[in-house]
Amino acid sequence: MTSQGKLYVVGFGPGDFKHITTRAVEALQDSDFIIGYKTYVELIQDLITNDTSVISTGMTEEVSRAQEAVRQAEAGKKVAVISSGDAGVYGMAGLVYEVLIEKDWTEANGVPIEIIPGISAINSCGSLLGAPIMHDSCTISLSDHLTPWDLIAKRVEAAAMADFVIALYNPRSGRRTRQIVEAQRILLQYRSPDTPVGLVKSAYRDRQHIIITNLKEMLDHDIGMLTTVIIGNSSTFLYDNKMITPRGYQRKYTLNSEKQALKPHQRLREEAEPWAMDQMTGVQRVQSSVNEKIEKDEKHQIVEYIRPQSPKVSSYNMAMEALKRVTGKQPKTTNYVHQDFEEIFELAVSPGVANKKFTPEQMMTLAMVVGEKGTMEYTPNHQIVLKIPTSNPDAITAKLNGVGFLLSPIGDVLTLKACDFCDGEKTGGIPYAEEIQEKLGGLQLPKELTIGFNGCGMACYKAVTEDIGIIYRKGKFDLFLGAKPVGRTAHAGQPVAEGIEPEKIVDVITNIIQEYKQNAHPNERLFKYFKRVKQIQGFVYKDIAPKINIEPAPCGD
């Protein structure tokens, strides 16, 4: 009987061992699998036992990590999905639940799940800056990867208007450089240029770097994806290079006098809180603008009391009051905030497997369905990728199918990239290419995979440089596996077979793909899988990578 699996979603805090909770350590050491972003895996490497399997993937691979975690847990494994900070704050907790919900998971019948909290960046970075998060605060991610920028800008403006202390996550990356500039511009409309700002990079890690500056000059300093930006409110001040935000707006009590003006039991009296809400009427006792002040002397304690003014009544309020008196009911006037979700339909189109020529009707249809808000992008796979805002994808596909387009999904799927078969003159391989497309095209895989298919031995469309290369030659097929398609160490695939009979080629490719789909790790390209397992469907791996030392070049270098 298979033992029941379990999902741990672990927030391990900023990364320093001293700030990881005991429960997080217990969960990590109890797990059969640990799944996470490779940088985070490296941070907790010393906590991973030798018999624990580790799956690490790159940035933007969060969905595949969540899917793999659920798959392993359903197979009876104890799995820890890790996030830095707190897993429930821009972390993996929500994604794991979304994957479970798609599988109709319930707490009563599904795999157990435990969310283990960690110290979030707003807290860890705040502690290094002093005490900036002492009053109402909010966190806003400036990444528009999953959230429209217009919505992010509205949130920044709303937080600025409401005088929140603001923590900006994901402020800038190699591609996203304007968002932090726009955020500063919005904030300067509502905050003083001298508002204290703290920049904390890699809190509690080896490369920790802290800068305290102000709103006007914050962009003069290095800000990146590992930086958290904390912006004070109107009462935040600097003292001895520390950001301090008072618990109130210095109206309930003050700390800059030798003796506190009010004793604790006196602070909650109505006369000591003239700005608070009246508990009977629900209205602020007095407005914050003051014309007249009366000082009272109560046992040598000085309390400022503000005499309320007669409020000006607007015509709208008079009308609402009249309606209340006529009907005897309080009219409902609440306006709920509602954010419409913009659905983007993404797909790839091409004229066909062998055909590379677009018709005027097809081009006109593309322009019509994409419209002014959508985008078209031509790709090296001889496809055009469409991104179309729509709530009716079926209507889009019907129009594209109607003019003869071949439609394909995009993402981590199988793509067949065939040559033009010498403009259709060398037709021998076309039926097999079309059969592979029909059977396997668009299949969801651990990582994007391209099959290159060339119709003669010239291989002028470079099929041998794709993940799988198929060459039709002298009535039979040659097969190449494990090319590394990108990077400075890119290389062609390994020739693994010559003279495969035509009636066998589709089954050979299908079996290779099914093995890869079932056994590869998330985000593991075919060449990496081939190198790891050493054999695919009887084809033995040989290392044909360049035998020279080349310095790694990470994305963005």
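Everything below is about the structure printed above this text.
Let me sum up the structure you'll find in this document. Only a predicted model underlies this, so the values are computations on that prediction, with no experimental measurement involved.

## Quick notes on the pattern of salt bridges
The full count for this structure, using the stated rule, is 20 salt bridges. Ionic pairing is found between Arg-473 and Asp-478, a salt bridge with its closest N-O pair at 2.7 Å. Judged by relative accessible area, Asp-478 falls into the buried class, the value being 7%. A salt bridge links Arg-532 to Glu-524, with the nearest nitrogen and oxygen atoms 2.8 Å apart. Through salt bridges with shared partners, a single ionic network connects Lys-6, Arg-23, Glu-26 and Glu-114.

## Remarks on the sheet that holds strand β12 (residues 237–239)
One open sheet accounts for three strands, arranged β6-β13-β12; its pairing is mixed. Unpaired on one side and paired on the other, β6 (130–131) and β12 mark the two borders of the sheet. Pairing geometry for β12 and strand β13 (residues 242–244), over three bridges, is antiparallel. Residue Leu-238 lies in a different strand from β13, and its bridge partner there is Met-243.

## Thoughts on the nonpolar core
In this structure, Ile-468, Ile-470, Leu-479 and Ile-509 are the most contacted members of the largest nonpolar core, which totals 37 residues. For this core, the secondary structure elements donating two or more residues are β20 (414–418), α12 (430–440), β21 (449–454), β22 (468–473), β23 (476–481), β24 (494–500), α13 (502–519) and α14 (526–533). Other than its neighbours up to four places away in sequence, Ile-468 contacts Leu-449, Thr-450, Ile-451, Gly-452, Ala-463, Leu-479, Phe-480, Leu-481, Ile-509, Ile-512, Ile-513 and Leu-526. Counting 22 residues, the second largest nonpolar core, distinct from the first, contains Leu-187, Leu-199, Ile-223 and Val-229.

## Some words on the side chain of Arg-176
Within the element layout of this structure, Arg-176 appears in the loop between β8 (165–169) and α7 (179–187). Although buried, Arg-176 forms no salt bridge, and the nearest oppositely charged side chain, Asp-144, lies 4.6 Å from it. Here the side chain of Arg-176 touches Leu-142 through a polar contact of 3.4 Å, landing on its backbone oxygen. At 3.1 Å, the side chain of Arg-176 and the backbone oxygen of Asn-170 are in polar contact. Among all residues touching Arg-176, those that are not within four sequence positions of it are Leu-142, Ser-143, Asp-144, Asn-170, Pro-171 and Met-225.

## A short note on the sheet that holds strand β16 (residues 344–350)
The sheet built from four strands is open, its strands ordered β17-β18-β16-β19 with antiparallel pairing. Only two strands of the sheet have a single neighbouring strand rather than two, namely β17 (375–378) and β19 (406–408). Ignoring strand direction, the axes of neighbouring strands in this sheet form an average angle of 30 degrees. Inspection of the sheet shows β16 paired to β19 by three bridges, in the antiparallel sense. Note on β19: the bridge partner recorded for Ala-348 is Ser-408. Where helix α9 (residues 360–370) meets the sheet, its contacts fall on β16, β17 and β18 (384–389), and the angle it forms with β18 comes to roughly 35 degrees.

## Remarks on α14
Those residues of α14 lying buried are Leu-526, Phe-527, Tyr-529 and Phe-530. Seen from one end, α14 has its buried residues packed into an arc of 160 degrees, which puts them on one side. Where α14 ends, the next residue or the one after it, Lys-534, has phi of about 75 degrees, a positive value.

## Comments concerning the pairing of β18
Strand direction decides the pairing type here: β16 and β18, joined by six bridges, are antiparallel. Bridged to Ile-344 within β18 is Pro-389. As judged from the four bridges shared by β17 and β18, these two strands associate in the antiparallel manner. Within β18, the residue paired with Thr-375 across the bridge is Lys-387. Between β17 and β18, which pair antiparallel one after the other, the connecting turn spans five residues, and His-382 there sits at a positive phi close to 60 degrees.

Here is what the cut-offs are and how they apply
Residues numbered from 1 in each chain as written. Predicted model: local features only at pLDDT ≥ 70, side-chain atom pairs only at ≥ 80, totals over all residues. Heavy atoms only, no water. Salt bridge = Lys/Arg side-chain N within 4 Å of Asp/Glu carboxyl O. Buried < 20%, exposed > 50% of the residue type's maximum accessible area, 1.4 Å probe, protein only. Pairing = 2+ DSSP bridges. Helix = DSSP H or I, 4+ residues; strand = E, 2+ residues; numbered from the N terminus. Core = buried A, V, L, I, M, F, W, Y, C linked by side-chain atoms within 4.5 Å. Contact = heavy atoms within 4.5 Å. Lys, Arg positive; Asp, Glu negative; His and termini not counted. Polar contact = N/O pair within 3.5 Å; in protein donor to acceptor, adjacent residues only side chain to side chain. Axes fitted to C-alpha atoms, helices over the stretch in contact; angles between N-to-C directions. Arc of directions from axis to C-beta.

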